[in-house]
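Observations on chain architecture
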Amino acid sequence: QVQLVESGGGLVQVGGSLRLSCAVSGGFVIRYTMGWFRQAPGKEREFVAARVAASTYYGDSVKGRFTISRDNAKNTLDLQMNTLQPEDTAVYYCAATRGLGSVSSVGTYDSWGQGTQVTISS
């Protein structure tokens, strides 16, 4: 398993932007299926976005607003979040796997970061 550390969370106003980053150690990000999930209080963990080789996937609620990218030189996975809304408030988690399965399923991933809080104020 790789080690994942998220950063970049914070408090931002409605309509603003944030960029999250996930630092990967113990492996190369290019060799893993990488994903972002989020969990709001009292809710289940929700799929946000994933990167598999050159392909990207997004949850319906973030399509057109969020962009997932991978920096092979820095060995990081990033999430650019634009036009943020109050419903985007959650703890955001980075996840990784070398296994197979649905990229939008929590159970597919075997490595998780500790999470970073994103709060959108209205």
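Reading the values: rules and limits
- Residues numbered from 1 in each chain as written.
- Predicted model: local features only at pLDDT ≥ 70, side-chain atom pairs only at ≥ 80, totals over all residues.
- Heavy atoms only, no water.
- Helix = DSSP H or I, 4+ residues; strand = E, 2+ residues; numbered from the N terminus.
- Rg over C-alpha atoms; globule rule 2.2 N^0.38 Å.
- Buried < 20%, exposed > 50% of the residue type's maximum accessible area, 1.4 Å probe, protein only.
- Areas by Shrake-Rupley, 256 points an atom, 1.4 Å probe, with all protein chains shown as cover.
- Lys, Arg positive; Asp, Glu negative; His and termini not counted.
- Charge placed at Lys NZ, Arg CZ, Asp CG, Glu CD.
- Salt bridge = Lys/Arg side-chain N within 4 Å of Asp/Glu carboxyl O.
- Disulfide = S-S within 2.5 Å.
- Pairing = 2+ DSSP bridges.

Thoughts on the overall build of the protein
Within the protein, the regular secondary structure consists of zero helices and eleven strands. When the helices and strands of the protein are read in sequence order from the N terminus, they spell out β-β-β-β-β-β-β-β-β-β-β. The C-alpha atoms of the protein give 13 Å as radius of gyration, which agrees with the globular expectation for 122 residues (14 Å, within 12%). Projecting the C-alpha coordinates of the protein onto the three principal axes gives extents of approximately 40 × 30 × 25 Å. For the protein, with 122 residues in total, the buried portion stands at 44%. For the protein, the accessible surface area stands at approximately 6100 Å², while carbon and sulfur atoms represent 49% of it. Taking the average location of the 11 positive side-chain charges in the protein and that of its 9 negative ones, the two points are 6 Å from each other.

Some details on the pattern of salt bridges
Under the counting rule described, the total for this entry stands at five salt bridges. A salt bridge links Glu-46 to Arg-38; the shortest N-O distance between them is 2.8 Å. A salt bridge links Asp-60 to Lys-63, with the shortest nitrogen-to-oxygen separation between them at 3.2 Å. Per residue, the accessibility class of Asp-60 equals that of Lys-63, and both read exposed.

Points about the state of the cysteines
Per the stated rule, a full pass over the model turns up one disulfide. Through a disulfide, Cys-22 is tied to Cys-94; the S-S separation comes to 2.1 Å. Because the sign of the S-S torsion sets the handedness, a value of about -80 degrees for the bond joining Cys-22 and Cys-94 places this disulfide among the left-handed ones. One end of the pair, Cys-22, is in strand E3 (residues 18-25); the other, Cys-94, is in strand E9 (residues 90-97), and 72 residues separate them in sequence. On the basis of relative accessibility, which here comes to 0%, the residue Cys-22 falls in the buried class.

A short note on the pairing of strand E1 (residues 3-7)
Burial along E1 is one-sided: Leu-4 and Glu-6 are buried, and none of Gln-3, Val-5 and Ser-7, which face the opposite way, are. As paired elements, E1 and E3 share five bridges and run antiparallel to each other. When the sheet's bridge partners are listed, Ser-7 is paired in E3 with Ser-21.

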